[in-house]
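# Chains, contacts and geometry: an overview
Each chain is listed here by its residues.
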Amino acid sequence: MIVRMRNPDATHQLSGPLSVGEMLERLDVLPHTVLVIHDGELVTADHELPDDAEVEVRSVISGGAAGSSCVVCRVPAVIEEPRHRAAWCPDHFVEHVQRQVRKAIDHGHGLADGERMFSYDDRLLVAVSGGKDSLALWDVLLDLGYRVDGLYVGLGIGGYSARSGQTCRRFAERRGATLHEVDLAETYGYTTPSGASVAGRSTCGVCGLSKRYVFNRVAVDQGYDVLLTGHNLDDEAATLLGNLLRWHDDLLARQGPVLSGVDGRQARKCKPLYRLSEREMAAYCVVRGIDYVVEECPLVAGNSGHEQKAALDVLEAGSPGVKAQLLFGFLDRQERVAASAPSPGADVGSCQRCGMPTTTDVCAFCRQRERILAALPVLPSRAAV
Ligand code: SF4
Ligand SMILES: [Zn+2]
Ligand SMILES: [Zn+2]
């Protein structure tokens, strides 16, 4: 049989028949770190693979072993989640994901009594990267009947950006949804790689600040009520661990699935996937037939979030549910602390260059962009903001 491993990519030939569990053991792969796809279907450890099988093994994070029939209807399960001590068939797994998103929207951490992340009257904008999380979020919200458009920011990271943009456009077309696109080079005069080469800070730092700015700018300029991102449980737990390790009090105070906006200049931001793991989101895309970019950004190496994710995976493998306990336990306590703290945003002014909210004279994005443009050769496509 031919086994194609994705992320990192590799191809192996094995003789069968073998069960999925045996195949993974021969390849020295821990079952809870991957999703296995055979004939376009997600398969679990005891599924038999014939000698001529072609199998794809996608690297994802978290998970573990559990029963193999759906906890709702008892038909064979395609995904197991030890954190919930449950396994699901495709239909009931989609329901499980929708239920978790619904719970986040209606009763998420940081919401006051009776408050929701957003309502059916709101115009929503989801920032999509072409990866599994943001496309799955868009898909879930469209299915739940929300008014939600997408936003893709072209970062100029070679073939990776080209494939990501293409994937987002195909998804929007398939779902008949509206996709906004902003090209960083065309609109702001630099790409992530060119900006990072002269900005004097990490590539992901330059990229992250640029994306956050463009997301907010489009949401505000186009009159969206809420900006959504596809951050999942693994992302949020890893960020929390990083902030705890360095005791970033200011970031800890603001970390949460809901961030209120600032009077028409800063959109309200929400993360409706914070209750779902990376592995659940990958499985959701496979079950729903959503084509997403499996490869990682080639510039990800310097991203310290990866180390924290790896450390949490080790803990999760030994104690399923520990990531959720860390994150939700923190958010429960943070709500109690925040109730007595002064409201944020009281001393926010306007950037002298672009008018967006900032606590300094010129916002961090405009300062970064000025540094980059002063060091880069002038591009013919460079346009005024
Ligand atoms: S990994 Fe870093 S450089 Fe790549 S898209 Fe994410 S933030 Fe940008
Ligand atoms: Zn079922
Ligand atoms: Zn500015």
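Up top you'll find the structure we're talking about.
Residues numbered from 1 in each chain as written. Chains lettered and ligands numbered in written order. Predicted model: local features only at pLDDT ≥ 70, side-chain atom pairs only at ≥ 80, totals over all residues.

## Side note on the overall build of the protein chain
Along the backbone of the protein chain there are 13 helices and 17 strands. Across its three principal directions, the C-alpha atoms of the protein chain cover 65 × 50 × 40 Å. Counting every position in the protein chain, which comprises 385 residues, the buried fraction comes to 40%. For the protein chain, the share of sequence-separated contacts (at least 6 apart) that also reach a separation of at least 24 residues comes to 68%. (Helix = DSSP H or I, 4+ residues; strand = E, 2+ residues; numbered from the N terminus. Buried ≥ 20, exposed ≤ 12 C-beta atoms within 10 Å, placed from the backbone. Contact = placed C-beta atoms within 7 Å.)

## Focus: unusual backbone geometry
A cis amide bond links Gly16 to the next residue, Pro17, at an omega of 0°. With respect to the helices, strands and loops of the structure, Pro17 is situated in the loop between β2 (10–13) and β3 (18–19). Despite not being glycine, Trp247 shows a phi value in the positive range, around 45°. Relative to the assigned elements, Trp247 resides in the loop between α8 (233–245) and α9 (249–254). Residue classification places Trp247 among the exposed positions, given that 8 C-beta atoms sit within 10 Å.

## Thoughts on the nonpolar core
The biggest cluster of nonpolar side chains holds 92 residues, and the ones touching the most others in it are Leu124, Leu125, Val126, Leu227 and Cys285. Both of domain 1 (2–89) and domain 2 (92–297 + 323–338) provide at least three residues apiece to this core. In this structure, Leu125 is in contact with Asp149, Leu151, Val218, Ala219, Tyr224, Leu227 and Leu228, ignoring residues within four places of it in sequence. (Core = buried A, V, L, I, M, F, W, Y, C linked by C-beta atoms within 7 Å. Domains from an automatic or database assignment.)

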